[in-house]
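Results of the structural survey
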Amino acid sequence: MATNILMPALSPTMTEGTLTRWLKKEGEPVRAGDVIAEIETDKATMEVEAVDEGVLGKILVEDGTQGVKVNEPIAILVEEGEAVPSAAPAPAALPAPAPKVEAPRAAPQPAAPSGNGHDDSGERIFVSPLARRMAKQTGIDLATLKGSGPNGRIVKVDIEATLQKGAPVAAPAARPAAPITAPHKLVPHSSIRKVIARRLTEAKSTIPHFYVSMNVEIDALIKLMNELNAKSPKEGPGAYLITINDLVIKAAAATLRRVPTVNAAWTDDGMVLFDDVDISIAVAIPDGLITPIVRKADQKGLSTISREMKDLAGRARAGKLKPEEFQGGGFSISNMGMFGVTEFAAIINPPQAAILAVAAGQKRPVVKNDSLAIATVMTCTLSVDHRVVDGALGAQWLREFKRIVEDPLSLLL
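Residues numbered from 1 in each chain as written. Predicted model: local features only at pLDDT ≥ 70, side-chain atom pairs only at ≥ 80, totals over all residues. Heavy atoms only, no water.

So, the sheet that holds strand β4 (residues 35-40)
Here we have 4 strands laid out as an open sheet, ordered β5-β4-β2-β7, and antiparallel in their pairing. Where the open sheet ends on each side, the last strands, each with one partner, are β5 (45-49) and β7 (65-69). The mean angle between the axes of side-by-side strands here comes to 40°, regardless of whether they run parallel or antiparallel. Inspection of the sheet shows strand β2 (residues 16-22) paired to β7 by 3 bridges, in the antiparallel sense. In the strand pairing of β7, Gly-17 is matched with Val-68. (Pairing = 2+ DSSP bridges. Helix = DSSP H or I, 4+ residues; strand = E, 2+ residues; numbered from the N terminus. Axes fitted to C-alpha atoms, helices over the stretch in contact; angles between N-to-C directions.)

Section: the nonpolar core
A general feature of soluble globular proteins is that nonpolar side chains tend to end up buried together. Ile-279, Phe-331, Ile-333, Leu-356, Trp-397 and Phe-401 are the most contacted members of the largest nonpolar core, which totals 78 residues. When residues of this core are assigned to their parent elements, the largest contribution, 8 residues, is made by helix α5 (residues 244-258). Sequence-distant contacts of Leu-356, that is, excluding residues within four places in its chain, are made with Val-248, Phe-331, Ser-332, Ile-333, Ser-334, Cys-380, Thr-381, Leu-382, Trp-397, Leu-398 and Phe-401. Ranked by size, the runner-up nonpolar core spans 10 residues in total, among them Ile-125, Met-134, Leu-145 and Ile-159. (Core = buried A, V, L, I, M, F, W, Y, C linked by side-chain atoms within 4.5 Å. Buried < 20%, exposed > 50% of the residue type's maximum accessible area, 1.4 Å probe, protein only. Contact = heavy atoms within 4.5 Å.)

Let's talk about the layout of surface pockets
Quantified by volume, the second largest pocket comes out at close to 1100 Å³. Along the walls of the second largest pocket sit 48 residues, with Ile-281, Ala-282, Val-283, Ala-284 and Ser-334 positioned nearest its centre. Sorting the residues of the lining of the second largest pocket by element identifies α3 (191-206), α5, β15 (283-285), β16 (288-290), α6 (302-317), β18 (331-335) and β19 (354-358) as the ones contributing at least two each. Examining the composition of the lining of the second largest pocket, we find that 7 residues originate from one element, α3, more than from any other. (1 Å grid on protein atoms, 1.4 Å probe; cavity = no way out; pocket = protein on both sides within 12 Å on 5 of 7 lines; lining within 4 Å. Points joined across faces, edges and corners; volume = space filled by probe spheres on them.)

Considering α6
An ideal rise of 1.5 Å per residue puts 22 Å on 16 residues; α6 measures up with 22 Å between its terminal C-alpha atoms. If you check which residues of α6 are buried, you get Leu-302, Ile-305, Ser-306, Met-309, Leu-312, Ala-313 and Ala-316. Angular distribution of buried residues about the axis of α6 spans 140°; they occupy a single face of the element. For α6, the secondary structure elements touched by its buried residues are α4 (219-230), α5, β14 (279-281), β15, β16 and β17 (293-294). Just downstream of α6 lies Gly-319, where phi reads positive at about 70°. (Expected span 1.5 Å × (residues − 1). Arc of directions from axis to C-beta.)

Concerning the sheet that holds strand β6 (residues 54-59)
Pairing is antiparallel across the open sheet formed by 4 strands, whose spatial order is β1-β8-β6-β3. Each having just a single partner strand, β1 (3-6) and β3 (29-30) make up the two edges of the open sheet. With 2 bridges connecting them, β3 and β6 associate as antiparallel partners. Note that in β6 the partner of Val-30 across the bridge is Gly-54.

Digging into the pattern of salt bridges
According to the stated counting rule, one finds 18 salt bridges in the structure shown. Glu-308 is the salt-bridge partner of Lys-300, the closest N and O atoms lying 2.6 Å from each other. The closest approach of N and O atoms between Arg-387 and Asp-385, which form a salt bridge, is 2.8 Å. Judged by relative accessible area, Arg-387 falls into the partly exposed class, the value being 31%. Classification of Asp-385 as buried rests on a relative accessible area of 2%. Shared partners join several salt bridges into a network, and the residues in it are Arg-21, Glu-38 and Lys-320. (Salt bridge = Lys/Arg side-chain N within 4 Å of Asp/Glu carboxyl O.)

Some words on the side chain of Lys-24
Positionally, Lys-24 belongs in the loop between β2 and β3. For Lys-24, a relative accessible area of 18% gives the class buried. Of the polar contacts made by the side chain of Lys-24, one reaches the backbone oxygen of Pro-29; its length is 3.3 Å. Each residue touching Lys-24, except ones within four places of it in the same chain, is listed here: Pro-29, Asp-34, Val-35, Ile-36, Leu-56 and Ile-59. (Polar contact = N/O pair within 3.5 Å; in protein donor to acceptor, adjacent residues only side chain to side chain.)

A word on unusual backbone geometry
For the bond from Pro-350 to Pro-351, the omega torsion is 5°, close enough to zero to count as cis. You can see Pro-351 is positioned in the loop between β18 and β19. Although it is not a glycine, Asn-71 sits at a positive phi angle of roughly 75°. Looking at where Asn-71 falls in the secondary structure, it is placed in the loop between β7 and β8 (73-78). Here Asn-369, not a glycine, exhibits a phi torsion of approximately 50°, which is positive. You can see Asn-369 is positioned in the loop between β20 (362-368) and β21 (371-385). Of the residues examined, Asn-369 reaches a relative accessible area of 77% and is grouped as exposed.

Below you can see the structure in the form of C-alpha cells.
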C-alpha cells in the first residue's frame, strides 16, 4: 500500500526546512535505515533515514526546495510491483468523535478574576495572569486559543501546548523599510540564518542583559599550554595540540563548579540549576554560527577537551552534527580572539543565563608592584540574564575565572 514519506522534524525548533538533495532515485528500493535525503534544518544539514521498506515510487519535493513544512509529504513509498499514485495518498481518516451530550444549562457563573480582555469581535477572553504574561512574551494571539481551564479560561498549559505545536508567533509591528534603490544583489536567507535571526531577536528583546568585563593576564596560561604541547606525542592516537580556547573552556568549567549559581536558567516556575557543566562553544559556519557542546567539561582533561573541540568544530562546519551535540548546554563561550578583537559583548544563548565573550590576548602595559611592566592581556566580558545572575554574582564569577586563568596549574588537579 502506498504511503507518504513526510518532512521530518529534526530539531525541537524546526517548523520547516530545505530539502537539499535526494540520495535515492525514483524506482530504487528502500530499506529501513537507508539514508534517503539530506535536509537543511534550522541548525545544520542532516541526513534522513528511511523508517519503512519499499520502493521510492515518486518524489514530490525536488532538490533544493526551501520552506518545506514539517509533516508535509515529500515522496511516496510503494510496495514492490505496486502502481505509483499520481498524488500523495490522503492520510488515514481518524475515527469520528463521539456525539456531544449537552449538559443541563447551569446557573450563570461568576466572572473570572483579573487578567481578562477582549478579542477583535468584542468577545471577552478569560485568561490567567501568568498565561497572559507568557502570551505577551512569546507573541501568541490569545484570541486564537481555546482555554482548558474553568469556563474556558486560558491557562499556562494552553500556552505551553501552543508553543510545543510550533504555532506561528505574531511578530511585533514594524515600520516598513525604505526601498533600496542603490545597485545591489539579493541573497536569499537560508533556514539556519532565519532561525538565528529570530532567536537573537527574541533573546535580546526578552532577556534583560547585564554585562561585566575584566582584563585577564594569560602569560601563565600560554606557558602552561606550550609546556603541555611539548609533551605531546608527535603522532598517533595520543597526540594532541592544546589551544588557548581549550584552556578557557576548562577554566570556565572549573569556575562554574566553584560558582554554580551561574550554571542556571530562568523559568516562570523557578530557577533551574544544572547538575552537569555542559559548555556550548560558538563555532562560525558559512550560514552563521552553531554551538556544539562539550559535555561535563569540568570532569575532562585538557587533551580530551582539545580532541573533542576539533572533532565538533570540524563536523559543525560540515553540517554533520547530531541534534544532541548542539542542543542543550548550561553556559556558552564565544571566542573571537583569533580575529584580533579587542573587546566585545555576546548575546545570551537562551535558555541559558550566561555567555562569556573572549577577546584577543594582546601585549599591554600593566602596573606590578608599583612598576610598569608588559603582560599579555585579554578582555573577557560576561553577559548574564539579570533575572538569574545579579551584578555582584556576575562579578564574583568573573573574578574567580580570572584567578584560575592567572594561576592555571590548578586546572591539572
